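The residues making up each chain are set out below.
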Amino acid sequence: MKKHNFSAGPCILPQEVFKEASQAVLDFNNSGLSILEISHRSKDFVDVMEEARSLALELLGLEGKGYKALFLQGGASTQFLMTAYNLLQSKAGYLNTGAWSDKAVKEAKKFGEVIEVASSKDANFNFIPKKLNIPTDLDYLHLTSNNTIYGTQLKDFPTTDIPLVCDMSSDIFSRQLDFSKFSLIYAGAQKNMGPAGTTLVVIKEDILGKIERDIPSMLDYQVHISKASMFNTPPVYPVYVSMLTLRWLKQLGGISAIEELNEKKANLIYSEIDVNPLFKGFAAKEDRSYMNATFTLVNEDLKETFDAMWKEAGINGINGHRSIGGYRASMYNALSLESVAALVDIMGDLERKA
Ligand SMILES: Cc1ncc(COP(=O)(O)O)c(C=O)c1O
């Protein structure tokens, strides 16, 4: 039986993508070769890379606006340092909204002065600070659009002339935004886009080349741009599966179509958390994430019963992150409304039973 997969990442991808991707392992494009055994310089793969790069820009509405898309390696964690390496000349601002942005701050400090424009660390990151103190002389301002661990999400983005850099690892392609507000967006593939192993970086080219530092080639965005994301052997299979997922999203109607479904899923689970007296939400209501819903049991004595019930119902991956405990239902693009309904049913059953 296929599980209802609420895993936080790596996570659920569309079934159609799994089918096509598994076929390509056996015979890619009727070539008599597996996608795993062809050269990354072969025309078949160069076409995949080009389609993935252009689909990413198209879906984000950034085609023809001076942006380049790259599929790199090293996870979003490498972007914590690569952004600073390429953009931080003297001073950068960071909005600290979770463990991931905290790590980004730590890396950036190796390259220059870092100002935390606001932080919710003292409240275990259960809300998004709204009053930002943004100095005017920053090289860039770094944000994390969705805080995967805590289930908070930025609803509004600062209006400023300072270039915005955003870690969108856990909500990219899930909601419509004016993506041209951002000078650099990065996202590990392993949530809404594909398997682990590649990271999408979307850069407005005119922000590059402004710093004096000598950058090692593998960490230099300009090198990757000049080589069309093929400076070294790219992660062929993760890029291919990401391309299939982006094709799937385009066929579905793009970001605005999936956003509608994501809103329905989020509304369904948050209404249950709010009406069911056995559960309590973790994140501040106005900052609740549409991707990761975090909640706890009011009475921990019910944990064993609840855990047995959801496991019995074929639900997977709702244990909360160890730093906050409780539960986390990750509802990425490929998760169906039916899966969320299955979880909500179990939460209701627990109430009727208790
Ligand atoms: C928002 C966010 N940023 C960064 C990361 C780190 O990504 P990676 O493991 O690809 O380095 C994660 C991982 O879950 C994340 O959720």
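Above this note sits the structure.
Residues numbered from 1 in each chain as written. Predicted model: local features only at pLDDT ≥ 70, side-chain atom pairs only at ≥ 80, totals over all residues. Heavy atoms only, no water.

**Brief notes about the overall build of the protein**
Right, so step 1: Of regular secondary structure, the protein possesses nine helices and 14 strands.
Right, so step 2: The C-alpha atoms of the protein give a radius of gyration of 21 Å, which matches the 20 Å a tight globule of 354 residues would have.
Right, so step 3: When the backbone C-alpha atoms are referred to their principal axes, the protein occupies close to 65 × 55 × 30 Å.
Right, so step 4: Here the protein holds 354 residues, and 54% of them are scored as buried. (Helix = DSSP H or I, 4+ residues; strand = E, 2+ residues; numbered from the N terminus. Rg over C-alpha atoms; globule rule 2.2 N^0.38 Å. Buried < 20%, exposed > 50% of the residue type's maximum accessible area, 1.4 Å probe, protein only.)

**Some details on the site of the ligand**
Right, so step 1: For the ligand, the set of nearby residues contains 13 residues, the closest of which are S77, T148, D167, Q190 and K191.
Right, so step 2: Contact between the ligand and K191: an oxygen atom at 2.9 Å from a side-chain N or O atom of the residue.
Right, so step 3: Protein contacts shield 86% of the accessible area of the ligand, which totals 400 Å² for the unbound molecule.
Right, so step 4: The biggest single contributor to the shell around the ligand is helix α3 (residues 75-87), with four residues.
Right, so step 5: Grouping the constituent residues of the shell around the ligand by class yields three nonpolar, eight polar and two charged. (Near = heavy atom within 4 Å. Polar contact = N/O pair within 3.5 Å; in protein donor to acceptor, adjacent residues only side chain to side chain. Areas by Shrake-Rupley, 256 points an atom, 1.4 Å probe, with all protein chains shown as cover. Nonpolar A, V, L, I, M, F, W, Y, C, P; charged D, E, K, R; others polar.)

**Remarks on the packing of helix α7 (residues 254-275) against helix α9 (residues 337-353)**
Each pair of packed helices can be described by the angle between their axes along with the distance between the axes.
Right, so step 1: For the pair α7 and α9, the least separation of the axes is 10 Å and the interaxial angle reads 5°. Here α7 is positioned roughly parallel relative to α9, judged by the angle of their axes. Contact with α7, carried on its side by L261, K264, K265, L268, I269, E272 and I273, involves L337, V340, A341, L343, V344, M347 and G348 of α9 and no other residues of that element.
Right, so step 2: Residue composition of the contact of α7 with α9, by class: 10 nonpolar, one polar and three charged. (Axes fitted to C-alpha atoms, helices over the stretch in contact; angles between N-to-C directions. Parallel < 35°, antiparallel > 145°, perpendicular 65-115°, else oblique. Contact = heavy atoms within 4.5 Å.)

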